[in-house]
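# Report on the structure
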Amino acid sequence: MLAKYSIILPKYIENEGFTLGLAEKPSAASKIAKFLDKNSKQVIIKVKRKQNGKTNQLPEQIGHFVNTEKGKMFILSAAGHLYTVVQEGVGWQYPVYDFKWSPKYQKKKKKDITIHDMRNEAAVEAIKHIANMASDYIVMTDYDEEGEVIGGVILSQILGNKILDDVKRMKFSTLTKNEINKSFLEAVEGNLMNFGMYNRGLMRHYLDWLWGINLSRALMHSLKNTSGQYLTLSTGRVQGPTLAFVSERQMKIDTFVPRPSFDVNLTINAKDKINLINSKGVLEIKSNADKIIENTIGQVAKVIDIITRTSKKNPPEPLNLSKLQDEAHKYFSITSSRTLQSAQRLYMEGVISYPRTSSQKYPSELDHDFTLSEIAKIPGYKKVAGEVIELKRKPIEGKKTDPAHPCIYPTGVQPKKLTGNDKKVFDLIVRNYFSTFGDPAIMENNRINFDINKEKFHLTGRRTKILGWKKYAGRFTGADDKELPKFNEGDNFKVIDVSLNEKFSKGPAYYNDNSLRKKMEEEEIGTKATRGDIISSLFQRKYLRGKRIEITPVGEIVFQVLSTYSAQVVSVELSRKLENMGDMIENSVNNLDGKFSLSDAMVQGLIMLHGMLKELQENERKVGESISTELQSQRKIAQEIGGCLTCKIGTLKIIRSTLSGKRFVGCSEYFNDQNCNTTYPLPQGGMLETTKELCKADEYPQVKVYPGGRRPWTLCLNPTCSLREEFEKRKKKLKG
């Protein structure tokens with residue numbers, strides 16, 4: 001039986017004509033309401049569900065009733081995406097091409113419904129009720145592709161697509177009073193939705209859903225139809241090429257053959273012992289290095305000249321999202337997705353401008369003197385902000401632009417107490433803003449050259465001669481200075497040590513979170529807002545692991561079967577082509593030329609998808625057998641911990657009792673006429689991972705324990721291990 005809902009509002013709202021304002025998040029709705037009307041009323045909206053003879057109270061919703069000089073307004077929050085793309089009909093067959101928008105909470109089975117789903121349900125029903133009472137509509141979500149889709153889909157699903165032609169649009173880059181009031185007036189006077197951006201966003205949602213559901217089902221059907229096994233496997237339009245980047249890098253690392261090379265370590269006795277650099281660099285032939293050692297051992301190093309050059313280091317350009325993520329990783333090792341999360345929180349608090357931007361330009365109307373004077377009121381910035389104000393100059397800008405938003409900059413609004421990553425990211429943004437007002441730093445680069453029995457060595461160093469912008473940058477100044485000792489031409493120093501250092505050439509570096517995101521950016525796949533999340537999703541699916549990112553065996557087999565039997569799935573060119581189609585849609589819709597529509601993109605996208613699915617279906621058995629074989633191998637490896645310390649014959653394995661259901665470590669020889677009864681207890685909660693590393697205290701095998709939601713820890717199998725005793729003591733102390 002379908003549910004019916006009753007919405008309870010204050011009586012004064014029922015009798016008022018008003019405009020519905022739709023914000024993206026509750027905190028944004030509250031801020032916008034206060035900026036538009038300091039006396040705005042917070043409204044509690046009660047939502048009741050009646051179904052199968054039962055009445056349930058859903059979580060209360062908060063609205064804001066606002067009086068403006070342009071009329072009355074009711075502002076509600078969408079709380080993000082309330083609707084999602086779902087399959088039309090039931091079943092998990094493929095290919096599936098029929099889809100529709102549906103409230104997110106309706107995707108869940110009744111037993112899986114959470115309080116978050118119930119909040120979404122209440123939000124959908126409250127917006128439905130109030131939208132049908134309103135006379136006009138303003139979308140107040142973030143002004144980007146996702147914000148356009150959130151607002152447009154909610155209103156079109158409730159009121160029909162035609163309503164969107166008349167929906168007004170607030171466009172703002174900061175949650176500050178002046179900008180909110182300005183964008184509100186512009187919306188009332190006729191700013192409409194950006195239908196180019198909206199249609200581009202719809203294309204991305206539709207094709208990403210079609211790609212993901214069909215290609216993922218193709219993999220899972222292959223496995224199930226071949227081996228009877230079921231395992232959740234997935235891939236997608238951007239995930240496939242990203243996985244390919246890591247696999248290809250892993251292959252280069254694994255097949256790299258290091259070449260030997262030789263360097264000469266030479267130390268002279270000045271006031272301190274100083275190591276000199278061989279001017280010939282790293283040598284490939286050992287005999288050449290031996291000759292240098294023979295010529296210099298016990299000799300005198302003479303300073304033959306000192307070279308000093310100056311150079312300019314220009315101020316940093318204003319931050320866009322990509323550069324912010326680079327800098328946060330460089331200075332704090334914060335991942336791309338967590339940097340964006342921190343920046344988004346700072347934006348919602350109103351202390352920085354909108355972070356999802358490519359621009360390196362400040363808004364032309366920004367009053368820098370006012371902004372700097374407001375930043376001066378924030379603890380820790382008064383002195384530096386005052387010095388920047390006294391410069392009385394404009395900041396530098398970069399070349400990159402963004403049609404929707406300016407660069408990332410501090411608004412001057414004082415933040416509440418910041419902690420953790422939020423505090424670090426805010427300081428980075430403020431210091432970058434200060435630095436863009438500064439002069440170039442003047443660097444002095446020095447080189448001291450030595451002659452040692454006709455062999456040439458040297459020292460290099462650098463120092464900041466004039467601070468320039470570095471004076472305002474705090475810790476974010478780049479490489480540290482390296483001062484050289486004060487030597488003069490003709491100085492002589494005794495060589496006190498010479499030795500040969502054998503090196504091996506280094507192979508390609510592993511990707512980390514930041515370098516993988518930059519690779520995606522270089523190859524033009526994904527968006528500035530989604531790349532970090534795509535990397536995170538590959539970790540969640542256990543296709544990738546580690547800070548030095550490695551592809552897992554499951555990730556590798558998924559990549560291998562896709563690249564072998566349907567190479568387009570992991571093709572950068574295909575993903576990039578779809579991104580270009582999005583650009584074509586946006587340009588065509590905004591220019592009203594009709595050259596390329598959403599329908600055109602869907603037809604082309606489905607033709608590409610159909611070709612890939614056909615290839616996978618034709619090779620279903622091969623795909624399934626490849627995945628099944630690898631999974632069996634990995635399950636065996638995952639259970640084996642190492643050789644048995646008792647019988648020296650069997651293998652210690654993770655075993656689950658058929659009687660009690662409990663897991664433990666036992667010897668494989670137990671199943672060979674019970675030749676060995678060795679067992680070790682294991683924690684019953686959390687995920688286990690085998691490790692080849694032995695315990696440092698007693699050289700027993702170890703397992704890594706991942707207790708959900710807490711930091712993983714390593715367990716020695718020896719119940720009497722001294723390290724294990726210390727761990728138990730610390731745990732008791734913390735509980736006490």
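For the structure given in this document, a descriptive report is provided here. Predicted model, so just to flag it, every value in this text is computed and none were measured.

### Observations concerning the packing of aromatic side chains
Counting across every chain of the model gives 19 aromatic pairs. Seen from their ring centres, F99 and W209 are 5.7 Å apart, and the 55° between their planes marks the pair as tilted. Placement of the pair is F99 in strand 8 (residues 99-103) and W209 in helix 6 (residues 195-227), with a sequence separation of 110 residues. Ring centres of F332 and F476 lie 5.9 Å apart, and the angle between their planes is 80°; on these two criteria the pair is classed as edge-to-face. With F332 in helix 9 (residues 321-332) and F476 in the loop between strand 15 (455-466) and strand 16 (492-504), this residue pair connects regions lying 144 residues apart in the sequence. Of the two residues, F332 and F476, neither departs from the other in class, the shared state being buried. The structure contains a cluster of three or more aromatic residues connected by ring pairs, namely F99, W101, Y206 and W209. Over the face of the ring belonging to Y511 we find R249, whose NZ or CZ atom lies 4.0 Å from the ring centre. A cation over an aromatic ring shows up here: K519 above the ring of F245, its NZ or CZ 5.4 Å from the ring centre.

### Points about the packing of helix 7 (residues 239-255) against helix 14 (residues 513-522)
One can describe the packing of helix 7 onto helix 14 by two numbers: an axis separation of 11 Å at closest approach and a directional angle of 120°. In terms of orientation, helix 7 lies oblique with respect to helix 14. Crossing geometry of helix 7 relative to helix 14 is assigned as right-handed. Taken together, the residues of helix 14 that come into contact with helix 7 (itself represented by T242, F245 and V246) are L516, K519 and M520. Grouping the amino acids of the contact of helix 7 with helix 14 by side-chain chemistry returns four nonpolar, one polar and one charged.

### Digging into helix 8 (residues 286-296)
Those residues of helix 8 not exposed but buried are A289, I292, I293 and T296. The arc that holds the buried residues of helix 8, viewed along the axis, is 100°, so those residues lie on one side. Exposed residues pointing more than 90 degrees away from the buried face of helix 8 are listed as K291 and E294. Lining the buried residues of helix 8 we find strand 11 (260-269), strand 12 (273-278), strand 14 (441-452), strand 15 and strand 16.

### Some details on the environment of L2
Note on placement: L2 falls in the segment before strand 1 (4-8). Assessed through its relative accessible area of 76%, L2 is described here as exposed. In the structure, L2 is positioned 50 residues away from N52 in sequence and 8.3 Å away in space, judged by C-alpha atoms. Apart from the residues within four sequence positions on either side, L2 is in contact with K50 and Q51.

### Observations concerning the packing of helix 6 against helix 17 (residues 572-591)
Axis separation between helix 6 and helix 17 bottoms out at 7 Å; the angle between their running directions is 150°. Here helix 6 lies roughly antiparallel to helix 17, going by the angle between them. Pair helix 6 / helix 17 crosses with right-handed handedness. In this structure, helix 6 uses F195, G196, M197, N199, R200, M203, R204, L207 and W211 to contact helix 17, whose residues at the interface are L574, L578, E579, M581, G582, D583, I585, E586, V589 and N590. Counted by class, the contact of helix 6 with helix 17 contains ten nonpolar, four polar and five charged residues.

### Here we look at the sheet that holds strand 15
What holds strands together in a sheet is hydrogen bonding between their backbones, with the strands either parallel or antiparallel. Pairing is antiparallel around the closed barrel formed by six strands, whose spatial order is 11-12-15-14-13-16. Each strand axis lies, on average, 40° off the axis of its neighbour in the sheet, ignoring direction. Along the sheet face, helix 8 touches strand 11, strand 12, strand 14, strand 15 and strand 16 and points at about 165° away from the line of strand 16.

### Brief notes about the side chain of N449
The residue N449 is located in strand 14 in this model. Looking at N449, the relative accessible area reads 11%, which means it is buried. With sequence-adjacent residues up to four places away left out, N449 is seen in contact with K302, V303, I304, D305, I307, F457 and H458.

### Things to note about the side chain of T371
Structurally, T371 is set in helix 11 (residues 368-375). Residue T371 is classed as buried on the basis of its relative accessible area, which comes to 2%. Among the polar contacts listed, one links the side chain of T371 to the backbone oxygen of D367, at a separation of 3.0 Å. Contacts of T371, omitting those with residues within four sequence positions, involve L366, P410, T411, G412 and Y433.

### Focus: the nonpolar core
Formed by 96 residues in total, the largest nonpolar core has its most connected members in I45, F74, I154, W211 and I627. Those residues in contact with F74 that lie beyond four places of it in its chain are L9, I13, F18, T19, L20, G21, V43, I45, G63, H64, F65 and I130.

### Describing the sheet that holds strand 21 (residues 663-667)
Pairing is antiparallel across the open sheet formed by four strands, whose spatial order is 19-20-21-22. Edge positions in the sheet fall to strand 19 (640-643) and strand 22 (679-681), since each has one partner strand and no second. Averaged over neighbouring strand pairs, the angle between their axes works out to 30° when direction is ignored. Across five bridges, the pairing between strand 20 (residues 651-656) and strand 21 is antiparallel. If you follow R656 over to strand 21, its bridge partner there is R663. Strands in contact with helix 19 (residues 620-639) are strand 19 and strand 20; relative to strand 19, the strand with the most contacts, it is inclined by about 55°.

### A short note on the pattern of salt bridges
For side chains of opposite charge, pairing can occur when their charged atoms come near one another. Following the criterion strictly, the structure yields 36 salt bridges and no others. Salt-bridge contacts for K182 lead to E186; the nearest nitrogen and oxygen are separated by 3.0 Å. Of this pair, K182 and E186 both sit in helix 5 (residues 177-188), four residues apart, which is roughly one turn of the helix. In this structure, a network of salt bridges that share partners links the residues E145, R200, R204, D208, R237, E579, D583 and E586.

### Points about unusual backbone geometry
Cis geometry marks the peptide bond from Y94 to P95, where omega comes out at 0°. With respect to the helices and strands, the residue P95 is situated in the loop between strand 7 (83-87) and strand 8. A positive phi is found at A79, a non-glycine position, where the angle reads about 55°. Positive phi is not limited to glycine here, since K454 has a value of about 75°. Mapped onto the fold, K454 is located in the loop between strand 14 and strand 15. Looking at K454, the relative accessible area reads 72%, which means it is exposed.

### Structural notes on the pairing of strand 3 (residues 41-51)
In this structure, strand 1 lies alongside strand 3, joined through five bridges in antiparallel fashion. The partner of K4 across the bridge, within strand 3, is K50. Pairing between strand 3 and strand 4 (residues 54-57): four bridges, direction antiparallel. When the sheet's bridge partners are listed, K48 is paired in strand 4 with Q57. Between strand 3 and strand 4, which pair antiparallel and follow one another directly, the connecting turn spans two residues, one of which, N52, has a positive phi of 50°.

The rules behind these values
- Residues numbered from 1 in each chain as written.
- Predicted model: local features only at pLDDT ≥ 70, side-chain atom pairs only at ≥ 80, totals over all residues.
- Heavy atoms only, no water.
- Phe/Tyr/Trp six-rings, centres within 6.5 Å; stacked < 30°, edge-to-face > 60°.
- Helix = DSSP H or I, 4+ residues; strand = E, 2+ residues; numbered from the N terminus.
- Buried < 20%, exposed > 50% of the residue type's maximum accessible area, 1.4 Å probe, protein only.
- Lys NZ or Arg CZ within 6 Å of the ring centre and 35° of its normal.
- Axes fitted to C-alpha atoms, helices over the stretch in contact; angles between N-to-C directions.
- Parallel < 35°, antiparallel > 145°, perpendicular 65-115°, else oblique.
- Left-handed = near helix turned anticlockwise from the far one by under 90°.
- Contact = heavy atoms within 4.5 Å.
- Nonpolar A, V, L, I, M, F, W, Y, C, P; charged D, E, K, R; others polar.
- Arc of directions from axis to C-beta.
- Pairing = 2+ DSSP bridges.
- Polar contact = N/O pair within 3.5 Å; in protein donor to acceptor, adjacent residues only side chain to side chain.
- Core = buried A, V, L, I, M, F, W, Y, C linked by side-chain atoms within 4.5 Å.
- Salt bridge = Lys/Arg side-chain N within 4 Å of Asp/Glu carboxyl O.

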